[in-house]
Amino acid sequence: MRKKPSDEDRAVSHEHDASSVAQADSLDPNSNSGQTKTSADHAARYRTLLDAVPDAVTLHDTRGDIVDANAAAVRTFGYPLHALRGMNVRDLNPNLPEDHMTAVMRTHGVDRTFSVVGVNRRADGTTFPVEVHSNVFLDAGQHRVVAVARDISTRVEAERQLRVSAEHMRKQARIDSLTRLPNRDTMLEATRDALAAAEPGIGPAVLYIDLDRFKILNDMLGHHAGDRLLLATAERLRMCCEGHARCGRYGNDEFIVLLPRCAQDDAARACAQRIIRAFEQPFELEGEAFVLTTSIGIACHPEHGDSAELLIQHADTAMHEAKRRGRHTFRAFDKTLNDHLGMRNQIESQLRLALDHGELWLAFQPKVSLRERRIVGAEALLRWRSPQFGEVSPTDFIPHAENSGEIVRIGAWVVKEACRQLREWRDQGLELDHIAVNVSFRQLLSGTFSDSVQAALQAHDLPGNALELEMTERILIDEAPDTLDTFTALKRMGVRLTIDDFGEGYSSFNYLRHLPIDSVKISHTFMQGIPVQPADTAICEAIVRIAESLGLKVVAEGVETEEQLAFLERIGTDDAQGFFFSRPIEAARLPVFMQQWNRSDRG
């Protein structure tokens, strides 16, 4: 519905009508009364059309002096019509250049509109943004300019808000949402900038920081508490950063500190020391104190890389070496680590062929019943005899098999080969209750694991209880919902299930109550302190008591001394294995070892 004209609009319109009639008469000296009436009608239609335009319209001469305007112009600028007439367009927009009208007039005859965005001023002195489109035309032989000015305040404000929002989103995209530290992309960019600004002898150093055992604490306390630990970690790292140093979050529990102008690696080492000392102080959480240590790798320009990606990669490699050396320390990158990295890549490549080429084999470590003092089983341990590398340590190739997924195929072979070997021993008359095999989480999640186990048992005519599967407690924590069906299927076959390295985690006791576990294996790391270290001794005693209450057997691994054995017997440990009894041996030697064991006083 068309808006009803206001009294002001009517007054402006009447004033326009009279003016237009007079102007129309003056254009034709031979006009008569009929012509005058026709001109008046034309002027009225002109005024009606002009006032119907919602934007401010002004008519001015070649100098920019306004000769007419519509009702919207009166409302927009706040001047009455008689005041607008005679004003210059630069009175409404003082920022227009002096040659503005010259530029407008150049568009005449080229069928082009002259457009400009600027700021106009109202009668009360306030300003507002406008978009003005001007056209030149001939009126009774005189050049005139019609200008349409649109108030674009709403559009300008919307664009401003969009810019603010875009800038906010840009900043958010550069900041980790939890810790509010710069994120991975930001730290990469900052490292590139530091490299670009590097000078001879002065360049960036990168510290790659990983929180030791954070995953275990996160599983134990829950993700909400884990987030609080990460927030506290971020704050401590900020406090450790001096001068122009920047810290950012690079991954889940991984952080980076960038020293953009480092003259020598002493500064990086000093920063690493500050971080390590800072994290020796416990975190207060849920009314308890938790120590969360760090492993740190250092890489410096130009010795360790000339790109951001390479510096960070080498710092990451050094960090993993620090973890391998026992955690809670730092390590600077060097050529030895680089050679080791190259060796790891070669190992990963050759490992894919090892099974098909018959390079993998099994060693067996006897397991002894402490109550009966007889050998009741053996653990199958994977070995790799490579023509290129010689005997490759399991710690060097098994992680690669895990990461690449090759462990699923290799693991299936281990189960099959262990069952075949046990069948062979039993056919030779060897009284061995069971064989134990280590299982990775990738095998359990493969979807075909229980079927492959059943096929191996059937192929070698073995009952299910002849096979024991050992898995770390992290499998229970990380994948309990997904592995329950697999556990159930294995138990239906009679397969024994054991938690290996028990005690290194913190939250498995709850899972032991709900999952069909038969036994737990005390981690060899606790054996090192038994029986002289009170903490290790107390942990072992607690594990045995809890296992007894749940009806589980307890196996100790890593037994090396008579004192350790005596302690384990005293607290009621069921079975044990370790160098005190035997190192891992080849399959052909196990029958001979058992015969010697049975003839000795230990049997």
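Residues numbered from 1 in each chain as written. Predicted model: local features only at pLDDT ≥ 70, side-chain atom pairs only at ≥ 80, totals over all residues. Heavy atoms only, no water.

## Thoughts on the overall build of the chain
Each helix and strand counted, the chain has 23 helices and 22 strands in total. A buried classification covers 46% of the 603 residues belonging to the chain. Contacts in the chain between residues far apart in sequence, at least 24 positions, make up 62% of those at least 6 positions apart. For the chain, the accessible area works out to roughly 30,200 Å², and carbon and sulfur atoms hold 50% of it. (Helix = DSSP H or I, 4+ residues; strand = E, 2+ residues; numbered from the N terminus. Buried < 20%, exposed > 50% of the residue type's maximum accessible area, 1.4 Å probe, protein only. Contact = heavy atoms within 4.5 Å. Areas by Shrake-Rupley, 256 points an atom, 1.4 Å probe, with all protein chains shown as cover.)

## Some words on the packing of helix α14 (residues 394-404) against helix α15 (residues 406-427)
Running from N to C, α14 and α15 point in directions that differ by 115°, and their axes come no closer than 5 Å. Where α14 approaches α15, its residues Ala401, Glu402 and Ser404 are matched on the opposing element by Glu406, Ile407 and Ile410. Partitioned by chemical class, the residues of the contact of α14 with α15 number three nonpolar, one polar and two charged. (Axes fitted to C-alpha atoms, helices over the stretch in contact; angles between N-to-C directions. Nonpolar A, V, L, I, M, F, W, Y, C, P; charged D, E, K, R; others polar.)

## Considerations on the side chain of glutamate 131
Summarising the element assignment, glutamate 131 is placed in strand β4 (residues 127-139). The exposure class of glutamate 131 is buried, given its relative accessible area of 18%. Among the polar contacts made by the side chain of glutamate 131, one reaches the side chain of histidine 133 at a distance of 3.4 Å. Once residues within four sequence positions are removed from consideration, glutamate 131 is found in contact with Val116, Val117, Val148, Ala149, Arg150, Ile152 and Arg155. (Polar contact = N/O pair within 3.5 Å; in protein donor to acceptor, adjacent residues only side chain to side chain.)

## Here's the deal with the sheet that holds strand β8 (residues 254-262)
As a general point, the strands of a sheet are linked pairwise by backbone hydrogen bonds and lie either parallel or antiparallel. The strand order β7-β8-β6-β11-β12 describes an open sheet built from five strands, whose pairing is mixed. Of all strands in the sheet, those bounded by a partner on one side alone are β7 (246-249) and β12 (330-332). If you compare each strand with its neighbour and ignore which way they point, the axes differ by 20° on average. Across seven bridges, strand β6 (residues 203-211) lies against β8 in antiparallel orientation. The residue of β8 that forms the bridge with valine 206 is leucine 258. Across the sheet, helix α12 (residues 308-324) touches β6, β8, β11 (294-300) and β12, and the angle it forms with β11 is around 140°. (Pairing = 2+ DSSP bridges.)

## Thoughts on the packing of aromatic side chains
If you walk through the whole model with that rule in mind, you get nine aromatic pairs. For the pair tyrosine 208 and tyrosine 250, a centre-to-centre distance of 5.7 Å together with 75° between the ring planes defines the contact as edge-to-face. Taken as a pair, tyrosine 208 in strand β6 and tyrosine 250 in the loop between β7 and β8 lie far apart in primary sequence, 42 residues in all. These aromatic residues form a ring-pair network of at least three members: Phe580, Phe581, Phe593 and Trp597. Looking at arginine 236, its charged tip hangs above the ring of phenylalanine 283, at a distance of 3.8 Å from the centre. Across the ring face of phenylalanine 579, the terminal group of arginine 583 is positioned such that the distance to the ring centre comes to 4.0 Å. (Phe/Tyr/Trp six-rings, centres within 6.5 Å; stacked < 30°, edge-to-face > 60°. Lys NZ or Arg CZ within 6 Å of the ring centre and 35° of its normal.)

## Considering the sheet that holds strand β2 (residues 66-69)
The five strands are arranged β2-β1-β5-β4-β3 in an open sheet whose pairing can be described as antiparallel. This sheet does not close on itself; its edge strands, each paired only once, are β2 and β3 (114-121). Each strand axis lies, on average, 30° off the axis of its neighbour in the sheet, ignoring direction.

## Re helix α10 (residues 223-240)
Over its 18 residues, α10 runs 25 Å from end to end, which matches the ideal 26 Å to within 8%, given 1.5 Å per residue. Here α10 has its buried residues at Ala225, Gly226, Leu229, Leu230, Thr233, Ala234, Arg236, Leu237 and Cys240. (Expected span 1.5 Å × (residues − 1).)

## Some remarks on the packing of helix α8 (residues 184-196) against α12
The packing of two helices is summarised by the inter-axis angle and the distance between the axes. At a minimum axis separation of 9 Å, α8 and α12 run at an interaxial angle of 115°. Between α8 and α12, the angle falls in the class roughly perpendicular. Like other packed secondary-structure pairs, α8 and α12 cross with a definite hand, here right-handed. Two secondary-structure elements touch here, α8 through Leu188, Thr191, Arg192 and Leu195 and α12 through Ala308, Glu309, Leu311 and Ile312. (Parallel < 35°, antiparallel > 145°, perpendicular 65-115°, else oblique. Left-handed = near helix turned anticlockwise from the far one by under 90°.)

## Describing the nonpolar core
Trp425, Val453, Leu467, Leu469 and Val520 are the most contacted members of the largest nonpolar core, which has 74 residues in total. For this core, the element with the highest residue contribution is α15, accounting for eight residues. Sequence-distant contacts of leucine 469, that is, excluding residues within four places in its chain, are made with Val437, Val439, Phe449, Val453, Leu490, Val495, Arg496, Leu497 and Thr498. Counting residues in each nonpolar core, the second largest holds 35 residues, with Leu237, Cys247, Cys271 and Cys300 among its members. (Core = buried A, V, L, I, M, F, W, Y, C linked by side-chain atoms within 4.5 Å.)

## What about α14?
Phe397, His400, Ala401 and Glu402 are the residues of α14 that are buried. Phi turns positive one or two residues past the end of α14, at glycine 405, with a value near 90°.

## Quick word on the environment of methionine 101
With respect to the helices, strands and loops of the structure, methionine 101 is situated in helix α6 (residues 100-105). A relative accessible area of 8% places methionine 101 in the buried class. In the structure, methionine 101 is positioned 38 residues away from arginine 63 in sequence and 6.4 Å away in space, judged by C-alpha atoms. Non-local contacts of methionine 101, meaning those with residues more than four positions away in its chain, are made with His60, Asp61, Thr62, Arg63, Gly64, Val89 and Val145.

## Some points on the pairing of strand β5 (residues 142-151)
Looking along a regular strand, one sees side chains alternate from face to face of the sheet. Sheet topology places strand β1 (residues 56-60) next to β5; five bridges connect them, and they run antiparallel. Considered in β5, the bridge of valine 57 is made with valine 148. The pairing of β4 with β5 spans ten bridges and is antiparallel. Looking across to β5, one finds that glutamate 131 is bridged to arginine 150. Here β4 folds back onto β5 in antiparallel fashion, the turn holding two residues, of which alanine 140 has a positive phi close to 55°.

## With respect to the pattern of salt bridges
Applying the stated criterion across every chain, the model contains 38 salt bridges. Two residues, aspartate 176 and arginine 249, come together in a salt bridge whose shortest N-O distance is 3.1 Å. Note that aspartate 176 is positioned in the loop between α7 (153-173) and α8 and arginine 249 in strand β7, a separation of 73 residues in sequence. Summarising the burial analysis for this pair, aspartate 176 and arginine 249 share the class buried. For lysine 323, the salt bridge is made with aspartate 212, and the minimal N-O distance between the two is 2.7 Å. With a gap of 111 residues between them, lysine 323 in helix α12 and aspartate 212 in the loop between β6 and α9 (214-221) connect regions that are remote in the sequence. (Salt bridge = Lys/Arg side-chain N within 4 Å of Asp/Glu carboxyl O.)

## Section: unusual backbone geometry
Here the residue pair histidine 301 and proline 302 is connected by a cis peptide bond, since its omega of 5° sits within 30 degrees of zero. Structurally, the position occupied by proline 302 is in the loop between β11 and α12. Proline 531 follows isoleucine 530 through a cis peptide bond whose omega is 0°. On the secondary structure map, proline 531 appears in the loop between α20 (524-527) and α21 (534-549). Backbone geometry at arginine 213 places phi at a positive 60°, although glycine is not the residue there. In this model, aspartate 461 sits at a positive phi of 55°, which is unusual for a non-glycine residue.

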